[in-house]
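# Structural features, examined
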Amino acid sequence: MEMMLKVFFLGCILHLASAQLQSGFYSTSCPRAESIVQQVVVKKFSADRSITAALLRMHFHDCFVRGCDASILIDSTKTRSSEKDAGPNLTVRGFELIDEAKRNLEAACPSTVSCADIITLATRDAVALAGGPRYNVSTGRRDGLVSDSSKVNLPGPSLSISDAARFFTAKGLTINDMVVLLGAHTVGVAHCGFFQDRLSNFQGTGKPDPTMEPALAATLLKTCGTQSRPLSRDPTVFLDQNTSFILDNQFYNQIRSKRGILQIDQELALDSLSAPLASRLAANNNLFQQSFVNAMMKMGSVEVLVGNAGEIRKNCRVFNKPGGRA
């Protein structure tokens, strides 16, 4: 009975935390908050359309470690390594955009808008600029007080669907959410090092991954080299070979044609857990875009800090309070 009561009260707390996120949270305290963020994103996007992929990745990597609390933005110190310097985050970018938005917000409304909300709003705006739907974002997140590189544990590009799904279900997301969120790869890139084994020596066979179209493998081999003879640099390639900067469903059509770059992307079209939804998304762009919006809003609510928890950082790279740990 005691355990049942604990579970009940925990459920109430989680519901209350989610309920405190609301659309227009800053309508009184900082009425121009969302437009200030949007202006910065529009300026950046006009110069670099790849910023959409960068912000999507930043948002995902932030939410999947300690919840959506902007802990990924904290700089390391001499004594502690922050999330930003963990291996999976070394290629995360877009921090300067968040810094600029924060400076502008601090000038307009000091100590009011959280860095966690800036990431969420900026990602929403970048999705719309890339051809995705514009959607409402609930705000009211607070910034976290911990950023520890040793706590970063993210799903890798070579995981099976069932293994990757465990990362998502641990955050309250479903396998369907995972299939849809991986559709963000429609505007993404990957370094050759993440899929090089698929091109010539898949799992030690001495042959390319049979689930990759041979012509694509041959083309990528010229770009990336082999594992035993890699190029001097680690180039990137588009994960969507057709509409590389547009947030649409073409990614799913490509993986159904054995043109997935990352192993986990290709598995989406092959595994019985994910293939039916991947096929439906490939056939219906409207379904993908609406599903993507729903999944993004759900992900943006993962383990958020609200009310008096955490803080509102003045500088997104540094904790305000002495108790903050990086």
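Residues numbered from 1 in each chain as written. Predicted model: local features only at pLDDT ≥ 70, side-chain atom pairs only at ≥ 80, totals over all residues. Heavy atoms only, no water.

## Comments concerning the pattern of salt bridges
Condition: The term salt bridge refers to a pairing of a side-chain nitrogen on Lys or Arg with a carboxyl oxygen on Asp or Glu at a separation within 4 Å. Helix numbering and strand numbering both begin at the N terminus, where a helix is a DSSP run of H or I of at least 4 residues and a strand a DSSP run of E of at least 2. Between buried and exposed lies partly exposed: a residue is buried under 20% and exposed over 50% of the maximum accessible area for its type, with that area taken using a 1.4 Å probe on protein chains only.
What the rule picks out here adds up to 15 salt bridges. One salt bridge in this structure joins Glu-100 and Lys-43, with 2.5 Å as the shortest N-O distance. Of this pair, Glu-100 sits in helix 4 (residues 95-108) while Lys-43 sits in helix 2 (residues 33-47), and the two are 57 residues apart along the sequence. With relative accessibility at 21%, the residue Glu-100 sits in the partly exposed group. Taking relative accessible area as the criterion, Lys-43 reaches 48% and is therefore assigned partly exposed. Among the charged side chains, a salt-bridge network with shared partners connects Glu-34, Arg-124, Asp-125 and Arg-134.

## Description of the nonpolar core
Most often, soluble globular proteins have nonpolar side chains that are buried together. Cut-off, in case you're wondering: Buried Ala, Val, Leu, Ile, Met, Phe, Trp, Tyr and Cys residues that are joined via side-chain atoms within 4.5 Å together make up what is termed a nonpolar core.
Formed by 90 residues in total, the largest nonpolar core has its most connected members in Leu-73, Ile-98, Phe-195, Tyr-252 and Phe-292. With ten residues, the top contributor of residues to this core is helix 3 (residues 51-66).

## Quick notes on the side chain of Arg-313
As a reminder of what qualifies: Counted charges follow a simple rule, with Lys and Arg positive, Asp and Glu negative, and His plus the chain ends left uncounted. Contacts described as polar in this section are N or O atom pairs within 3.5 Å, which, within protein, must combine one atom able to donate a hydrogen with one able to accept it, while residues neighboring in sequence count only if both atoms come from side chains.
By the secondary structure assignment, Arg-313 is in the segment after helix 13 (285-299). Buried and unpaired, Arg-313 has no salt bridge, with Glu-311 as the nearest side chain of opposite charge at 4.1 Å. Polar contacts involving the side chain of Arg-313 include one to the main-chain carbonyl oxygen of Ala-70, which spans 3.0 Å. Polar contacts involving the side chain of Arg-313 include one to the main-chain carbonyl oxygen of Gly-144, which spans 3.2 Å.

## Things to note about helix 2
Spelled out, the test is: The span expected for a helix works out to 1.5 Å for each residue beyond the first. The arc under discussion is defined with respect to the helix axis, by the directions toward the C-beta atoms. Every residue pair with non-hydrogen atoms within 4.5 Å of one another is taken to be in contact.
End to end, helix 2 covers 22 Å across 15 residues, agreeing with the expected 21 Å (1.5 Å per residue, within 8%). Turning to helix 2, its buried residues number three or more, namely Ala-33, Ile-36, Val-37, Val-40, Val-41 and Phe-45. Take helix 2 and look down its axis: the buried residues cluster within an arc of 165°, on one side only. Elements that come into contact with the buried residues of helix 2 comprise helix 3, helix 4 and helix 5 (115-129).

## Focus on the layout of surface pockets
Using the following cut-off: Both site types are read off a 1 Å grid over the protein atoms alone. A 1.4 Å probe that fits but cannot get out defines a cavity, while an open set with protein on both sides within 12 Å along at least five of seven lines defines a pocket; lining residues have an atom within 4 Å of a point. Grid points are joined across faces, edges and corners, and a volume is the space filled by probe spheres set on the points. The classification used treats Ala, Val, Leu, Ile, Met, Phe, Trp, Tyr, Cys and Pro as nonpolar, Asp, Glu, Lys and Arg as charged, and all other residues, Gly among them, as polar.
Volume-wise, the largest pocket comes out at about 870 Å³. Every residue lining the largest pocket is counted, 34 residues in all, and those nearest its centre are Arg-57, His-61, His-185, Val-189 and Leu-262. Sorting the residues of the lining of the largest pocket by element identifies helix 3, strand 3 (189-191), strand 4 (236-238) and helix 13 as the ones contributing at least two each. Here the lining of the largest pocket takes six residues from helix 3, the largest share from any one element. Of the residues that constitute the lining of the largest pocket, the class distribution is 24 nonpolar, eight polar and two charged.

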